Amino acid sequence: MRVLVAGDFYPCGNTSVLISEKQDYAGVLGNIRELVESVDYSIVNFESPVIGNDGSPIRKCGPNLRTTENSVQAIKWAGFKMVSLANNHILDYGEDGITGTINACIKYGIDTVGAGKNLKEASKVFYKQIGDQLLAVINCCEHEFSIATEHEAGANPLNLIQQYYQIKEAREKADYVLVIVHGGHEHFQ
């Protein structure tokens with residue numbers, strides 16, 4: 001099984017204009033489309049919520065990122081099959097942003113992992129049958145401004161004990177287990 005995992009996707013500046021207004025997906029993602037389509041399954045971290053013009057940002061330090069449904073169309077055009085949503089920006093526009101993102105992904109046939117309307121939903125292990133093999137995907141992130149709670153939407157938090165047991169259970173069920181953790185210092189490699 002060949003799986004591609006790509007880093008943060010957030011259209012901004014000229015990229016945002018191309019995706020939002022001109023829908024010039026080839027101008028933004030054309031150079032990676034062949035690679036993305038050459039694997040059995042492809043995942044990209046979707047770094048901002050899909051929200052309409054009337055959305056209200058949450059209070060936090062740092063920027064509140066947002067995007068439109070056209071960004072979901074763009075990653076679909078590029079060939080991505082899944083978005084990982086456990087990141088520090090998915091809750092930038094509250095529950096509406098998470099709902100908008102998941103609904104847009106469902107609309108375009110893109111799988112999601114790592115966020116949901118509550119902690120139980122956000123922390124679900126995603127299973128995908130690919131050919132005759134089963135892939136399990138676990139997605140979590142550092143504790144910043146986006147974490148789901150028992151009753152509130154958000155991202156799956158990094159919890160070493162919980163993820164240990166999820167990995168153990170997923171390993172019993174799946175042929176492959178992929179753990180995607182979002183975090184670290186920005187602009188450093």
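Here the structure is shown first, and the text comes after it.
Please read all numbers here as calculations on a predicted model, not as lab measurements.

Caption draft 1: Spotlight on the overall build of the protein chain. Within the protein chain, the secondary structure is distributed over six helices and nine strands. Relative to the 2.2 N^0.38 estimate, which gives 16 Å for 189 residues, the radius of gyration of the protein chain is 16 Å and therefore close to what a compact globule would have. Its C-alpha atoms put the protein chain at 45 × 40 × 35 Å along the principal axes. Within the protein chain, the proportion of its 189 residues that are buried is 44%. Total accessible area on the protein chain stands at roughly 10200 Å², and carbon and sulfur atoms take up 50% of it. Across the protein chain, the 16 positively charged side chains and the 23 negatively charged ones have centroids separated by 4 Å.

Caption draft 2: Geometry of a nonpolar patch on the surface. A surface patch of nonpolar side chains, amounting to about 400 Å² of accessible area, comprises L158, L160, I167, V179 and V181. For the nonpolar patch, the secondary-structure elements that each account for two or more residues are α6 (160–173) and β9 (176–182). Here I167 shows up in helix α6.

Caption draft 3: Local environment of a negative patch on the surface. Together, D54, E95, D96 and E152 make up a region of like negative charge exposed at the surface. In this fold, D96 is placed in helix α4 (residues 94–107).

Caption draft 4: Spatial organisation of the pattern of salt bridges. Evaluated as defined, the whole model comprises five salt bridges. Put simply, E37 and R33 hold a salt bridge, and the shortest N to O gap is 3.3 Å. Residue E37 and its partner R33 are located together in helix α2 (residues 25–37), separated by four residues, close to a single helical turn. Taking relative accessible area as the criterion, E37 reaches 47% and is therefore assigned partly exposed. Given a relative accessible area of 27%, R33 falls into the partly exposed group.

Caption draft 5: Inspection of the nonpolar core at higher detail. Core analysis: the biggest nonpolar cluster contains 31 residues, and F46, V72, I75 and V83 have the highest contact counts within it. Excluding anything up to four places from it in sequence, I75 contacts F9, L29, V44, F46, F80, V83 and I110. In terms of nonpolar packing, the next biggest core, distinct from the first, is built from nine residues, Y41, I43, V113 and I130 among them.

Caption draft 6: Broad picture of α6. Helix length check: α6, at 14 residues, gives a terminal C-alpha distance of 20 Å against a target of 20 Å (1.5 Å per residue), a fit within 8%. On its buried face, α6 is in contact with β6 (126–130), β7 (133–141) and β9.

Caption draft 7: Spotlight on the packing of aromatic side chains. Within this structure, the stated rule accounts for three aromatic pairs. Between Y25 and W77 the ring centres are 6.4 Å apart and the planes differ by 50°, which places this aromatic pair in the tilted class. In this pair, Y25 is assigned in helix α2 and W77 in helix α3 (residues 69–78), connecting sequence segments 52 residues apart. In this structure, R33 is placed above the aromatic ring of W77, and the distance from its NZ or CZ to the ring centre is 4.1 Å.

Caption draft 8: A look at the sheet that holds strand β1 (residues 3–9). Overall, parallel pairing links the four strands, which are arranged β1-β2-β3-β4 in an open sheet. Of all the strands in the sheet, just β1 and β4 (111–113) have a single pairing partner and so form its edges. The mean inter-strand angle of the sheet, taken between neighbouring strand axes irrespective of direction, is 25°. Two strands pair when backbone bridges link them, and β1 and strand β2 (residues 41–46) are joined in this way by six bridges, in the parallel orientation. Its bridge partner being in β2, L4 is matched across the sheet by S42.

Reading the values: rules and limits
Residues numbered from 1 in each chain as written. Predicted model: local features only at pLDDT ≥ 70, side-chain atom pairs only at ≥ 80, totals over all residues. Heavy atoms only, no water. Helix = DSSP H or I, 4+ residues; strand = E, 2+ residues; numbered from the N terminus. Rg over C-alpha atoms; globule rule 2.2 N^0.38 Å. Buried < 20%, exposed > 50% of the residue type's maximum accessible area, 1.4 Å probe, protein only. Areas by Shrake-Rupley, 256 points an atom, 1.4 Å probe, with all protein chains shown as cover. Lys, Arg positive; Asp, Glu negative; His and termini not counted. Charge placed at Lys NZ, Arg CZ, Asp CG, Glu CD. Patch = residues over 30% accessible without salt bridge, like charges linked within 9 Å, V, L, I, M, F, W, Y side chains within 5 Å. Salt bridge = Lys/Arg side-chain N within 4 Å of Asp/Glu carboxyl O. Core = buried A, V, L, I, M, F, W, Y, C linked by side-chain atoms within 4.5 Å. Contact = heavy atoms within 4.5 Å. Expected span 1.5 Å × (residues − 1). Phe/Tyr/Trp six-rings, centres within 6.5 Å; stacked < 30°, edge-to-face > 60°. Lys NZ or Arg CZ within 6 Å of the ring centre and 35° of its normal. Pairing = 2+ DSSP bridges. Axes fitted to C-alpha atoms, helices over the stretch in contact; angles between N-to-C directions.

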